Every structure is written in C-alpha cells, then in structure tokens.
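Close look at the chain arrangement
For reference, the chains in residue letters:
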Amino acid sequence: MRWQTSFLIVVAIVCCFDLRAQSSAPVSRHTENIVLITLDGVRWQEVFAGADSILLFDQSYYQDTAGARKQFWAPTPEERRNRLMPFFWNTMARQGQLYGNRLKGSRMNVSNLYWFSYPGYNEILSGYADERINSNDKKNNPNTTVLEFLNKQPALQGKVAVFSSWDVIEAAVNEERSGIYANSALEAIQPARTATDSLLNAMVSNVRSDFAGVRPDVLTYYAAWNHLRQHQPRVLFLSFDETDDLAHAGRYADHLRMLQTLDRLIGDLWQTLQSMPQYKDKTSFLITTDHGRGHTPKARWKDHGTKTPDSYQIWLAALGPDTPPSGEQSGGEVIFQHQVAATLARLLGYTFTCEHPVGAPIPTVSPFSGR
Ligand SMILES: [Zn+2]
C-alpha cells in the first residue's frame, strides 16, 4: 500500500512536470517568423562608434571632407552611431540586443580561416566553418543550411525565401538542391503577376549599377518587400552587398551613406511587419555581417581577409518577442558566426541538425530550447 501511494505521488509529480514542459513551450515562445539580414563587410567599429575620424577626414577616401563631417561627425561615439544608424540605436538597442562592441569587451568572431564573403555566408547559414568553401566562386554549397533544414519542416515548407544583391548567395543557399525560392542580383521576378512585379523587373533591367552583376540594395529590398506582401514567407533571408563594394572602392562617405540607408530600410521592414497580423509581435530579426575589415588606410581598411589584421571581427543584432531587451552587450564570452544558424532555428522552436557539425545556439538571444 505504501509503495503504491508513493508510486502514485511520483507519477503525479512526473505528469505535472511533463504538462508544464509541454505547455510552457508555446506559451513562452512567440516567434513564428524569422528575418535574417546580412550587411556585407560592415565593421563593428561603425556600428558601435559611428563614423571613424581616421577614414572620414582622409581626402583620398572622400574629397568633400567638410560635407562628410557635416553629415556624419559628432563629438561622441554615441552621437555618431545614432546619426549613422538611428533604427539600430533607437529601436534595436532598446528592445533587442547588440553584440560585438570590443571597446566594451563584447566579442564576436568568424571561425572560418578566410575572412571573406562566401566562407562567411556558408558559416552563417550552415553553422559550420568549412575549409572547402575557400573562394567566392559561384559553386553550389555542399552543406545543408539552416534555411534548407527549415524548408524541410512540414510547417515551413515552401515558406522560405531569399533575396540577395549578390548572385553567389543563390549558390550559398543551394537553390537547386534545396528548392528554396531565391531571387538574386539582376534576376527578374517570374512570373510577373502584378503591376508591381513588372515595375520591379523594369527597374532591375534598366538600373545603372555601380558594381557589375550586383543589384542595388534598395531594389533588393523592394523586391523582398513585394514578395513579403504577396506570399508572406515565414523565413526570409535578406542579403545586402553594396557596403562592401563601396569600401573596396575606397569610398568611405558613400559606404556610410549606404549603411545609413540600410538602417532605414531595416526600420521600414520592422514597421511594415508590425502592421501585418501574421508578423506583428511574432517576428524576430537577426542581423549580422560576413566579415570585418582593416582599421586604417595603412592597415587595409578597404580590404579584408587573412592579410588584413582583425578582419575576423564581426557583430550581431537581434530583435524580437523572445529576445530579452538587454541592449548593447558588454563583456561576456566570445560568440561565433557559426552560432547564428542554430540560434535562428531555436527562435522558431527547432533544433538545427544535419550531416555536418553545427555551432550551438547563443542562449542569451534565444532562451527557449528547440524541439
Ligand atoms: Zn569584400
């Protein structure tokens, strides 16, 4: 009898815990949609301290230094970063999290050996730094990405979309194998069903692009925006490019202007989604970069890669209903680019596993465990 009673008590307690575990997941986790955004070759130095005087006042980078000073300079890093990225600092920093300000001891690194674009995008998307991805050649990614993994989940099938300014991104997500809808570079929207589709196609075919084969980021944004309104994807990867091209071209003020524009577009996207019932309070943003760049003109600011010291240093911003609003991070353990993929999956309630090892989710970004 005593044995039976205690057995029943144990069963009751176990049931209780089990019920709590089952019911706590949907109650506490709100993310149903994810937007991953990458800003190519944007340094943590600009994100956290705004315009850099060493580059801004260098006439070899921009002739009108007086005009650039007027537009981007202010005495403190806080004022400068607010001026450069007002959405990041007024909304993301207050309601979300920002990692990578090394001046405050928050560090994020790429773990691949190369410190340039395709190895970085592979690491972000597959959660795995793969030595075989060692060039920017447009070769289909052999690794399963988190986007492909999510697209295989019954609830998300056909609801994953990719819009990128650079055409190599469609290889990085392996559009052919994964079956994910990827619209890259100068590719038209097909079939063009609406007047807006046709207008976007006309703009893409007639636009003067500064960089061969690259769609201007503003057009990539509106193509994605149009897709979002029509198809309401659950997972969207938005990959911008021009900031890196402008830096390679040594155009520092234009690089800052592009970054300011992207900050505005990200803010516009956030506001747009908050006005749509499917997305309002159910959408998380993760924003990061593929690599950093050098510190000064002499230390190869225009460039990145292993010959450019410290260009492995990157940053991450997160915003959404499941990310505690702890703002700008200071100190803490170093986090890595290969952790983004599993973090993204975990925000949606999944544990990302596939044929290769995957970096662990960042627990502070996504405190709820996957299923
Ligand atoms: Zn580059």
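Residues numbered from 1 in each chain as written. Predicted model: local features only at pLDDT ≥ 70, side-chain atom pairs only at ≥ 80, totals over all residues.

**Structural notes on the overall build of the protein**
Check the secondary structure of the protein and you find 15 helices and eleven strands. Computed over C-alpha atoms, the radius of gyration of the protein comes to 22 Å, within 12% of the 21 Å expected from 2.2 N^0.38 for 371 residues, which places it in the range of a compact globule. Structurally, the protein occupies a C-alpha span of about 90 × 50 × 40 Å along its principal axes. Looking at the protein as a whole, 49% of its 371 residues are labelled buried. Here the contacts in the protein between residues at least 6 apart in sequence split such that 67% fall between residues at least 24 apart. (Helix = DSSP H or I, 4+ residues; strand = E, 2+ residues; numbered from the N terminus. Rg over C-alpha atoms; globule rule 2.2 N^0.38 Å. Buried ≥ 20, exposed ≤ 12 C-beta atoms within 10 Å, placed from the backbone. Contact = placed C-beta atoms within 7 Å.)

**Examining the sheet that holds strand β11 (residues 335-336)**
With respect to topology, three strands assemble into an open sheet ordered β8-β3-β11, the strand pairing being mixed. At either end of the open sheet lies a strand with only one pairing partner, and these are β8 (313-314) and β11. Note that strand β3 (residues 108-109) and β8 share two bridges and pair antiparallel. The residue of β8 that forms the bridge with M108 is I314. (Pairing = 2+ DSSP bridges.)

**Topic: unusual backbone geometry**
In this structure, P191 follows Q190 across a cis peptide bond, with omega equal to -10°. Within the secondary structure layout, P191 lies in the loop between β5 (181-184) and α11 (195-206). Although it is not a glycine, D281 adopts a positive phi angle of roughly 60°. Among the secondary structure elements, D281 is positioned in the loop between α14 (252-274) and β7 (283-288). Classification of D281 as exposed rests on a count of 12 C-beta atoms within 10 Å.

**Brief notes about the packing of helix α6 (residues 86-95) against α14**
Interhelical geometry of α6 versus α14 gives an angle of 40° and a closest axis separation of 8 Å. Relative to α14, the element α6 lies oblique. Seen from α6, the contacting residues are P86, F87, F88 and T91; seen from α14, they are D263, R264, I266, G267 and W270. Residues of the contact of α6 with α14, tallied by class, amount to five nonpolar, two polar and two charged. (Axes fitted to C-alpha atoms, helices over the stretch in contact; angles between N-to-C directions. Parallel < 35°, antiparallel > 145°, perpendicular 65-115°, else oblique. Nonpolar A, V, L, I, M, F, W, Y, C, P; charged D, E, K, R; others polar.)

**A word on the domain arrangement of the protein**
For the protein, the assigned domains are domain 1 (1-30) and domain 2 (32-347). For domain 1 and domain 2, the distance between their C-alpha centres works out to 44 Å. (Domains from an automatic or database assignment.)

**So, the sheet that holds strand β4 (residues 160-164)**
Strand order in the open sheet made by the eight strands is β5-β4-β6-β1-β7-β9-β2-β10, with mixed pairing throughout. Both edges of this open sheet fall to β5 and β10 (327-328), since each of them pairs with a single strand only. In terms of strand pairing, strand β1 (residues 33-39) meets β7 through six bridges, oriented parallel. Among the inter-strand pairings, I34 is bridged to a residue of β7, identified as S284. Sitting on the sheet, α6 touches β2 (97-99), β9 (316-319) and β10, and the angle it makes with β9 is about 70°. Taken strand by strand, helix α12 (residues 217-231) contacts β4, β5 and β6 (235-240), and its axis lies near 160° from that of β4.

**Examining α6**
Taken as a whole, α6 has its buried residues at F87, F88, W89, M92 and A93. All buried residues of α6 lie within an arc of 170° about the axis, which places them on one face of the element. Of the exposed residues in α6, those oriented more than 90 degrees away from the buried face are N90 and R94. For α6, the elements touching its buried residues are α2 (44-49), α5 (77-84), β2, α14, β9 and β10. (Arc of directions from axis to C-beta.)

**Points about the nonpolar core**
Nonpolar side chains in soluble globular proteins tend to be buried together. Grouped together as the largest cluster of nonpolar side chains are 100 residues, with contacts concentrated most on V146, L147, L150, V162, A341, L344 and A345. In terms of residue count, α14 provides more of this core than any other element does, nine residues in total. Ignoring anything within four residues of it in the chain, the contact list for V146 reads L125, G127, A341, L344, A345 and F352. (Core = buried A, V, L, I, M, F, W, Y, C linked by C-beta atoms within 7 Å.)

**Considering the packing of α12 against α14**
One can describe the packing of α12 onto α14 by two numbers: an axis separation of 11 Å at closest approach and a directional angle of 10°. Classified by the interaxial angle, the pair formed by α12 and α14 is roughly parallel. Along the contact surface, α12 presents D217, V218, Y221 and W225, while α14 presents M258, T261, L262, L265 and T272. Here the residues of the contact of α12 with α14 are counted per class, giving six nonpolar, two polar and one charged.

**Some remarks on the pairing of β7**
Most of β7 is tucked away: six of the six residues are buried. Residues T283, F285 and I287 point to one face of β7 and S284, L286 and T288 to the other, with burial holding for every one of them.

**Structural notes on the environment of L36**
Locating L36 in the fold gives a position in strand β1. Judged by local crowding, L36 falls into the buried class, with 23 C-beta atoms found within 10 Å. Considering only alpha carbons, one finds L36 and V340, 304 residues apart in sequence, at a separation of 9.4 Å. Non-local contacts of L36, meaning those with residues more than four positions away in its chain, are made with F237, L286 and L344.

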